[in-house]
Amino acid sequence: ATTPLFPEGQDPGELFNLCGAPARGENTLLAPGEAPEVTAETKARRAVHADGDWHQSIHVWIRDARGQLLLQRRSPFKDTHPD
């Protein structure tokens, strides 16, 4: 069995810095190298995920030369979409 780094899971009260959605729409990915506008607002993790707010995060995807996804792994202890 895997021992979680944080046995209690993620802190639902952790504060996230909010970002503005891209001008071209809220349901879009940013282009490589494109940075979102960080606002001065912060909000607790639980509220950010419940409300669907944009916030800073990182995703690492490994793709082959044909663009096929080779690996994406999420922690089983994530509060949203665990592995």
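The notes below deal with the structure included here.

What counts and what doesn't
Residues numbered from 1 in each chain as written. Predicted model: local features only at pLDDT ≥ 70, side-chain atom pairs only at ≥ 80, totals over all residues. Heavy atoms only, no water. Helix = DSSP H or I, 4+ residues; strand = E, 2+ residues; numbered from the N terminus. Buried < 20%, exposed > 50% of the residue type's maximum accessible area, 1.4 Å probe, protein only. Contact = heavy atoms within 4.5 Å. Salt bridge = Lys/Arg side-chain N within 4 Å of Asp/Glu carboxyl O. Patch = residues over 30% accessible without salt bridge, like charges linked within 9 Å, V, L, I, M, F, W, Y side chains within 5 Å. Areas by Shrake-Rupley, 256 points an atom, 1.4 Å probe, with all protein chains shown as cover.

With respect to the overall build of the protein
- On a plain count of helices and strands, the protein comes out with 1 helix and 4 strands.
- In the protein, the succession of α and β elements from N to C terminus is β-β-α-β-β.
- Per-residue burial for the protein yields a buried fraction of 13% across its 83 residues.
- Intrachain contacts of the protein at a sequence separation of at least 6 include 52% that bridge at least 24 residues.

Considering the pattern of salt bridges
- The full count for this structure, using the stated rule, is 4 salt bridges.
- D53 is the partner of K43 in a salt bridge, and the nearest nitrogen-oxygen pair spans 2.6 Å. Separated by 10 residues along the polypeptide, K43 in strand β2 (residues 38-44) and D53 in the loop between α1 (45-51) and β3 (62-63) bring together distant segments of the chain.
- A network of salt bridges, in which partner residues are shared, links K43, D51 and D53.

Considering a nonpolar patch on the surface
- On the surface, I58, V60, I62, L70 and L71 cluster together into a nonpolar patch covering about 530 Å² of accessible area.
- With respect to the element layout, L70 can be found in strand β4 (residues 69-71).

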